[in-house]
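Each chain, written out:
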Amino acid sequence: MYKPADARSHVRAPATIANLGPGFDCMGLALNGLADEVQARWSGSQETVLESIDGVDAEVLPRDVKRNCASVAAIEALRLAGEERGVALRLRKGFRSGSGLGSSSASSVAGAMAVHRLLGDALSEEDLLRASLCGERVASGSAHPDNVAPALFGGLVLVRSTDPLDWIRVDVPESAYFAIILPHRQVRTEEARRILPETVPLTSVIENCRNAASLVLAVARGDLQLWGRSTRDCIIEPARAPLLPGLEEARQAALQAGALGFSVSGSGPALFALCDDPEVALRVSKSIGEIFRLRGDQFDTHVLRADNHGALGFRYDREDN
Ligand code: HSE
């Protein structure tokens, strides 16, 4: 016989591209095809435990429930729901951490959402985002929402304000393809944030505002040419260039091979190029890959589309499932 205490949940949360060029800490989009997964059940006590972590880079992730972003987000979700029971979690990593593709956000969102599902969808969207941000803070030292929000809601999400939370979500056109290069190096987000300038020239702020605004309009209108032209960041990318060897050569290669736009994904080292055709995206990923091959770097390439659904999860109500 089914008892609520036997319920389990299983959630999958996608990788994301944050910043998208000019939208530092403001916007990001979800990617289809790379994701982390969390399974949850009631632990039988007030303790929350991490039963297992497996998959990509599992060995480097913290086992301590107070330091692992998935369990931190789950614990905050329990608190926000007023739930005193603890959960037992299993985390499966689907892509590299420290890659610039929102690995900690995918785990955080999956942890928070797994609790939400286990509780029969008890949390509001805002509380889910809040709980996920707690996971992001413990992983990267800052609760920036630009990976977490699209991992949760899918599509492109622009977070207008973090206090109070206020976000706008738009679908990403199906015709957009992303050529992604993932060098086998880690860039620690904390470190990549520490080197940023404290003040920037007004002219640079104006240029980034122009591009950020036109980028969002371009996505909403499905205008990939305008999106490509808007993928320019004259503040964060130049400051981080020393952490991203090969960046300029990769940009030239991508644009010559037919990409509409190019930038760093999050804090890197992943780079992405916007394309309007899968064949072109493949060619672009090969051209950028050639730059890294000549440099003697190891890397993976992906051609992905956006994920307009965001985190997906369900609850099993039978013990034998
Ligand atoms: N906006 C954040 C940054 C994203 O660039 O530091 C980190 O993935």
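Residues numbered from 1 in each chain as written. Predicted model: local features only at pLDDT ≥ 70, side-chain atom pairs only at ≥ 80, totals over all residues. Heavy atoms only, no water.

Another point: the overall build of the protein. Within the protein one finds 10 helices and 11 strands. Here the C-alpha radius of gyration of the protein, 19 Å, is about what a compact globule of 321 residues would show, namely 20 Å. The principal-axis extent of the C-alpha atoms belonging to the protein is close to 60 × 40 × 35 Å. The buried share of the protein, taken over its 321 residues, is 55%. Across the protein, contacts joining residues at least 24 apart in sequence account for 75% of those joining residues at least 6 apart. Counting 35 positive and 42 negative side-chain charges, the protein places the averaged centre of each group 1 Å from the other. (Helix = DSSP H or I, 4+ residues; strand = E, 2+ residues; numbered from the N terminus. Rg over C-alpha atoms; globule rule 2.2 N^0.38 Å. Buried < 20%, exposed > 50% of the residue type's maximum accessible area, 1.4 Å probe, protein only. Contact = heavy atoms within 4.5 Å. Lys, Arg positive; Asp, Glu negative; His and termini not counted. Charge placed at Lys NZ, Arg CZ, Asp CG, Glu CD.)

Tallying each qualifying case throughout the model produces one cavity of 30 Å³ or more. In this structure, the largest cavity encloses a volume near 70 Å³. In terms of lining, the largest cavity is formed by Asn19, Gly21, Phe24, Asp233, Ile236, Glu237, Arg240, Ser263, Val264 and Gly266. Residue assignment for the lining of the largest cavity shows that the elements contributing at least two residues are α8 (236–240) and β8 (261–264). Class assignment for the residues of the lining of the largest cavity results in three nonpolar, four polar and three charged. Of the domains in this structure, domain 1 (8–170 + 307–316) and domain 2 (177–305) are the two that each give at least three residues to the lining of the largest cavity. (1 Å grid on protein atoms, 1.4 Å probe; cavity = no way out; pocket = protein on both sides within 12 Å on 5 of 7 lines; lining within 4 Å. Points joined across faces, edges and corners; volume = space filled by probe spheres on them. Nonpolar A, V, L, I, M, F, W, Y, C, P; charged D, E, K, R; others polar. Domains from an automatic or database assignment.)

What follows concerns helix α6 (residues 202–221). For α6, built from 20 residues, the straight-helix expectation of 28 Å at 1.5 Å per residue is met to within 8% by its first-to-last C-alpha distance of 29 Å. All of the buried residues in α6 are Ser204, Asn208, Asn211, Ala212, Ser214, Leu215, Val216, Ala218 and Val219. Those residues of α6 hidden inside the fold are in contact with β2 (27–42), β5 (156–162), β6 (165–170) and α7 (224–230). One or two residues past the end of α6 sits glycine 222, with phi positive at roughly 75°. (Expected span 1.5 Å × (residues − 1).)

In the vicinity of the ligand, the contacting residues are Ala18, Asn19, Phe24, Asp25, His144, Asp146, Asn147, Thr189, Arg193, Arg240, Gly266 and Ser267. Separating a nitrogen atom of the ligand from a side-chain N or O atom of aspartate 25 is a distance of 2.6 Å. The protein chains hide 97% of the 260 Å² of surface that the ligand would expose on its own. Among the detected pockets, the ligand sits in the largest pocket. Across the shell around the ligand, the residue classes tally to two nonpolar, six polar and four charged. (Near = heavy atom within 4 Å. Polar contact = N/O pair within 3.5 Å; in protein donor to acceptor, adjacent residues only side chain to side chain. Areas by Shrake-Rupley, 256 points an atom, 1.4 Å probe, with all protein chains shown as cover. Sits in = over half its atoms within 2 Å of the grid points.)

We now examine the domain arrangement of the protein. Per the domain assignment, the segments of the protein are domain 1 (8–170 + 307–316) and domain 2 (177–305). Look at where the C-alpha atoms of domain 1 and domain 2 centre, and you get two points 24 Å apart. Tallying the contact residues gives 29 residues for domain 1 and 37 residues for domain 2. Carbon and sulfur atoms make up 67% of the surface buried where domain 1 meets domain 2, a total of about 2,500 Å² over both sides. For domain 1, the biggest contributors to the area lost against domain 2 are Pro22, Phe24 and Arg96; these three give 23% of the whole. At the boundary of domain 1 with domain 2, the tally comes to one salt bridge. Aspartate 25 is paired through a salt bridge with arginine 193; the nearest N and O atoms lie 2.6 Å apart. Joining domain 1 to domain 2, the criterion identifies nine residue pairs in polar contact (both at pLDDT 80 or more). When residues of the side of domain 1 that touches domain 2 are traced back to their parent elements, those giving at least two are β1 (8–18) and β2. Take the side of domain 1 that touches domain 2: its biggest share by element is seven residues, from β2. (Buried area = accessible area lost by both parts, 1.4 Å probe. Salt bridge = Lys/Arg side-chain N within 4 Å of Asp/Glu carboxyl O.)

On to the packing of aromatic side chains. With the rule as written, the count across this model stands at four aromatic pairs. When the ring of phenylalanine 292 is compared with that of phenylalanine 299, the centres are 6.4 Å apart and the planes differ by 50°; the resulting orientation is tilted. The ring of tryptophan 42 has arginine 85 lying over it, and the distance from NZ or CZ to the ring centre is 3.7 Å. For lysine 93, the ring lying beneath its charged end belongs to phenylalanine 95, and the centroid distance is 6.0 Å. (Phe/Tyr/Trp six-rings, centres within 6.5 Å; stacked < 30°, edge-to-face > 60°. Lys NZ or Arg CZ within 6 Å of the ring centre and 35° of its normal.)

By volume, the largest pocket amounts to about 750 Å³. Around the largest pocket, the lining is made up of 38 residues, and of these Ser97, Gly98, Ser104, Ala139 and Ser140 lie nearest the centre. Listing elements by their share of the lining of the largest pocket, those giving two or more residues are α2 (103–118), α3 (125–140) and α5 (189–194). Classifying every residue of the lining of the largest pocket gives 10 nonpolar, 19 polar and nine charged. Here the lining of the largest pocket spans two domains, and each of domain 1 (8–170 + 307–316) and domain 2 (177–305) adds at least three residues to it.

A separate point is the pattern of salt bridges. Summed over the entire model, instances satisfying the criterion amount to 22 salt bridges. Between aspartate 36 and lysine 93 there is a salt bridge, and its shortest N-O distance comes to 2.5 Å. Of this pair, aspartate 36 sits in strand β2 while lysine 93 sits in strand β4 (residues 87–93); the two residues are 57 residues apart in sequence, bridging distant segments of the chain. Lysine 93 shares its class with aspartate 36; the two are buried. A salt bridge links aspartate 54 to arginine 92, with the shortest nitrogen-to-oxygen separation between them at 2.9 Å. With aspartate 54 in strand β3 (residues 49–55) and arginine 92 in strand β4, this residue pair connects regions lying 38 residues apart in the sequence.

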